[in-house]
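# Chains, contacts and geometry: an overview
Take a look at the letters that make up each chain.
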Amino acid sequence: MKSLWKFLLVIPVVFTTSLLINDSVIAQTQTQEETLEQALEQVTSVSQFSDVQPTDWAFQALQSLVERYGCIAGYPNSTYRGNRALTRYEFAAGLSACLDRFNDLLLTSTADIVTKEDLATLQRLQEEFSAELATLRGRVDAVEARTAQIEANQFSTTSKLEGEVVVGITDVFEGDTNDENTALGVRARINFVTSFTGKDTLYTRLQSNNIVAPDIGTSEGSLAFAGESGDNNIELDALWYSFPLTKSTNVIAIANAGAADDVVDTVNLFDGDGTEGALSSFGTRNPIYGAMDGAGLGVTQEFGKNLSLSLAYLAGSGSDPSTDNGLFNGSYGALAQLTFAPSDRFKVGLTYINSYNQFNGAGSNASNFNTVSPLDNLSTLADTPFSADSYGIQASLGISKNLVLGGWAGYTNARNLTTSAAFPDRGEAEIWNWAVTLGLPDLGKKGNLAGIIFGMEPRLTSSSIDGLEKDQDTSYHIEAFYQYKINDNIAVTPGVIWLTAPDHNENNNDVVIGTFRTTFTF
């Protein structure tokens, strides 16, 4: 009975004493705290705290908790940090720690567990903090009410709705083009992000895109946010399901419009899929990744924190059961990439892609087999089945948090697999591309990004295929943009793309494309 009486006396006192409990003790309940805060050291005397003085108003109460009850621990550097604010989680964890200690003392029938002096001191503290505790209770009640209201009106218990609108203004300032007028287009996306277990993701995206890239007679300088048809039809633009097979293995099943960046890290600061970052397709990622498109499967295996291996297979016409189509008889891309990140600032990716009838979508006409047979002046080599082996290396190096150097190099060896009257002989073609990038994150404001891209879009350097001549000259891609974040939901990105000798042909005048992209996210 005596023990029960003492325990009842302790209960109201503990709610106040827990306010004094060191946050590093409580950090044991928080798995995301820093390592230093997780490493606790029990103290036996309040004098072991270097930042606690006898003149502190709570010195006696803290001394009692440390030396009499032993439910206080400090940081490894012998500090207590008594002025730090207390969260509800910390309050609960601290209360539990002291209750456990009091309970142990009660069970062992220790004498003088709580003295009258202790109770008087703690009662004074309880009275002094009564206003703050009342305010805290009111705030907690308001938060709980607001949370209940949100849960009652939420879109779904498993899905999150996201929206994105990209408004693009484009014009060709210099060069030969069939499009002489300034154009304004919009790409709108609605994303449904669903999780059934908290670790998996079902991603569904609906899109409408009427943005059309300027026609300059080559795939060079194509815009990353442009569409193909230019209409406002709504279509299913992405559908995939990702889940962890093990702690170090992740699997993604892609049903529609899959791309390399759905499976692997393209190791480029500017890869924002047209929403942010680079304005051009070339500046977004190494063009060899363009051979990955369609439906299929991807697996990423992590070997520790610094090394991962990704494998993927995507079929370009996987939903078409007709002849020379489907998952395994139509166009496809098969990827393997080793990604090495020895530090937060340095990363490198080594990529291999084997593909069939898949084009990279950037570079000269010749590099995309977009050439007409000299024999009939009608047939196009791109209509002839071909296979390709592509190799790439991508790297990114953060000189500082506000200066990032990057770049890539890509090589493709392509072969036509059949002959025809228009292209009577088989042969091989070699295609190269490279780029160097300079990124300036948070330039002028946190969330901003300035970028410069200098490189060579895919160029046909040699060919033994009849009717396919190599590119005689070299065109350079020079791109600069500045992405300014107005607020968390709106960003504007003015930029320019300058192409020297377009289509790798010095007979063509330089082309300068100006664009102004506005991105809304919600």
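## Describing the overall build of the protein
Secondary structure summary: the protein contains 9 helices and 20 strands in total. Evaluated residue by residue, the protein yields a buried proportion of 44% over its 522 residues. Counted over contacts in the protein with a minimum sequence separation of 6, partners at least 24 positions apart contribute 64%. Summed over all atoms, the accessible surface of the protein reaches about 26,700 Å², with 55% contributed by carbon and sulfur.

## Regarding the nonpolar core
Counting residues in each nonpolar core, the largest one holds 19 residues, and the members touching the most others are F225, F270 and V511. Of all elements in the fold, only strand 3 (159-174), strand 17 (449-463), strand 19 (490-499) and strand 20 (511-521) reach the threshold of two or more residues within this core. If you look at the next biggest cluster of nonpolar residues, it comprises 17 residues, including I254, A260, M292 and L314.

## Some remarks on the pattern of salt bridges
One pass over the full model with this rule turns up 11 salt bridges. One salt bridge in this structure joins R189 and D273, with 3.4 Å as the shortest N-O distance. Here D273 lies in the loop between strand 8 (271-272) and strand 9 (276-277) and R189 lies in strand 4 (residues 183-194), a separation of 84 residues in the sequence. Its relative accessible area of 26% is what places D273 among the partly exposed residues. Measuring nitrogen to oxygen at the nearest pair gives 2.6 Å for the salt bridge that ties D237 to R205. Of the two residues, D237 is situated in strand 6 (residues 235-244) and R205 in strand 5 (residues 201-209); the sequence distance between them amounts to 32 residues.

## Notes on helix 4 (residues 59-69)
F59, A61, L62, S64, L65, V66 and Y69 are the residues of helix 4 that are buried. With its phi angle positive at about 60°, G70 sits one or two positions after the end of helix 4.

## A word on the environment of L335
Looking at where L335 falls in the secondary structure, it is placed in strand 12 (residues 332-340). With 24 residues separating them in the primary sequence, L335 and L311 have C-alpha atoms 5.6 Å apart.

## Some remarks on the pairing of strand 14 (residues 386-400)
In terms of strand pairing, strand 13 (residues 346-356) meets strand 14 through 11 bridges, oriented antiparallel. Bridged to N354 within strand 14 is D389. Bridge analysis of strand 14 against strand 15 (residues 403-416) gives 14 bridges, and the strand direction is antiparallel. Across the sheet, the residue bridging to F386 is N416, located in strand 15. Hairpin connection between strand 14 and strand 15: a loop of 2 residues separates the two successive antiparallel strands.

## Details of the packing of helix 4 against helix 6 (residues 116-128)
Here helix 4 crosses helix 6 at 135°, and the two axes come no closer than 10 Å. As far as their axial angle goes, helix 6 and helix 4 are oblique. In this structure, helix 4 meets helix 6 at a crossing whose hand is left-handed. Contact residues: helix 4 offers A61, S64, R68 and Y69, while helix 6 offers D118, T121 and L125. Partitioned by chemical class, the residues of the contact of helix 4 with helix 6 number 3 nonpolar, 2 polar and 2 charged.

## Things to note about the side chain of Q483
Along the polypeptide, Q483 turns up in strand 18 (residues 477-485). Looking at Q483, its side chain comes within polar contact range of the main-chain nitrogen of G277, at 2.8 Å. In contact with Q483, not counting residues within four places along its chain, are E276, G277, G447, N448, L449, A491, V492, T493 and R517.

## Some remarks on unusual backbone geometry
Not every positive phi belongs to a glycine, and F369 is a case in point at roughly 60°. For F369, the position within the fold is in the loop between strand 13 and strand 14. Residue classification places F369 among the buried positions, given a relative accessible area of 2%. The phi angle at H504 is positive, at roughly 55°, despite the residue not being glycine.

## Observations concerning the packing of aromatic side chains
Scanning all chains against the criterion turns up 16 aromatic pairs. Arranged with centres 4.7 Å apart and planes meeting at 45°, the rings of Y411 and W432 form a pair that is tilted. One end of the pair, Y411, is in strand 15; the other, W432, is in strand 16 (residues 428-441), with 21 residues separating them in the sequence. Every member of this aromatic cluster is reached through a ring pair, and the members are Y313, F328, Y332 and Y356.

## Side note on the confidence of the model for the protein
The pLDDT averaged across the protein works out to 84; a share of 89% of its residues lies at or above 70. Low pLDDT (under 50) marks residues 1-40, which in the prediction has 88 contacts with non-local residues, meaning those over four places away or in another chain.

## Overview of the environment of F359
Mapping F359 onto the fold places it in the loop between strand 13 and strand 14. A relative accessible area of 31% means that F359 is categorised as partly exposed. Taking the C-alpha atoms as reference points, F359 and Y289, 70 residues apart in sequence, are found 9.5 Å from one another. The residues touching F359, leaving out its near neighbours within four places in the chain, are G290, A291, N368, F369, A382 and F386.

## Examining the side chain of S317
With respect to the helices and strands, S317 occurs in the loop between strand 11 (307-315) and helix 9 (326-329). Note on S317: relative accessible area 14%, which makes it buried. Side-chain polar atoms of S317 contact the side chain of N325, separated by 2.9 Å. Setting aside its immediate chain neighbours within four residues, S317 contacts N325, G326, G330 and S331.

## Observations concerning the pairing of strand 19
Note on strand geometry: in a regular strand, side chains alternate between the two faces of the sheet. Where strand 18 and strand 19 come together, 7 bridges link them in antiparallel fashion. Opposite A480, over in strand 19, you have V496 as the bridge partner. Two successive antiparallel strands, strand 18 and strand 19, enclose a turn made up of 4 residues. Bridge analysis of strand 19 against strand 20 gives 10 bridges, and the strand direction is antiparallel.

Calculation notes
- Residues numbered from 1 in each chain as written.
- Predicted model: local features only at pLDDT ≥ 70, side-chain atom pairs only at ≥ 80, totals over all residues.
- Heavy atoms only, no water.
- Helix = DSSP H or I, 4+ residues; strand = E, 2+ residues; numbered from the N terminus.
- Buried < 20%, exposed > 50% of the residue type's maximum accessible area, 1.4 Å probe, protein only.
- Contact = heavy atoms within 4.5 Å.
- Areas by Shrake-Rupley, 256 points an atom, 1.4 Å probe, with all protein chains shown as cover.
- Core = buried A, V, L, I, M, F, W, Y, C linked by side-chain atoms within 4.5 Å.
- Salt bridge = Lys/Arg side-chain N within 4 Å of Asp/Glu carboxyl O.
- Pairing = 2+ DSSP bridges.
- Axes fitted to C-alpha atoms, helices over the stretch in contact; angles between N-to-C directions.
- Parallel < 35°, antiparallel > 145°, perpendicular 65-115°, else oblique.
- Left-handed = near helix turned anticlockwise from the far one by under 90°.
- Nonpolar A, V, L, I, M, F, W, Y, C, P; charged D, E, K, R; others polar.
- Polar contact = N/O pair within 3.5 Å; in protein donor to acceptor, adjacent residues only side chain to side chain.
- Phe/Tyr/Trp six-rings, centres within 6.5 Å; stacked < 30°, edge-to-face > 60°.
- pLDDT = per-residue confidence, 0-100.

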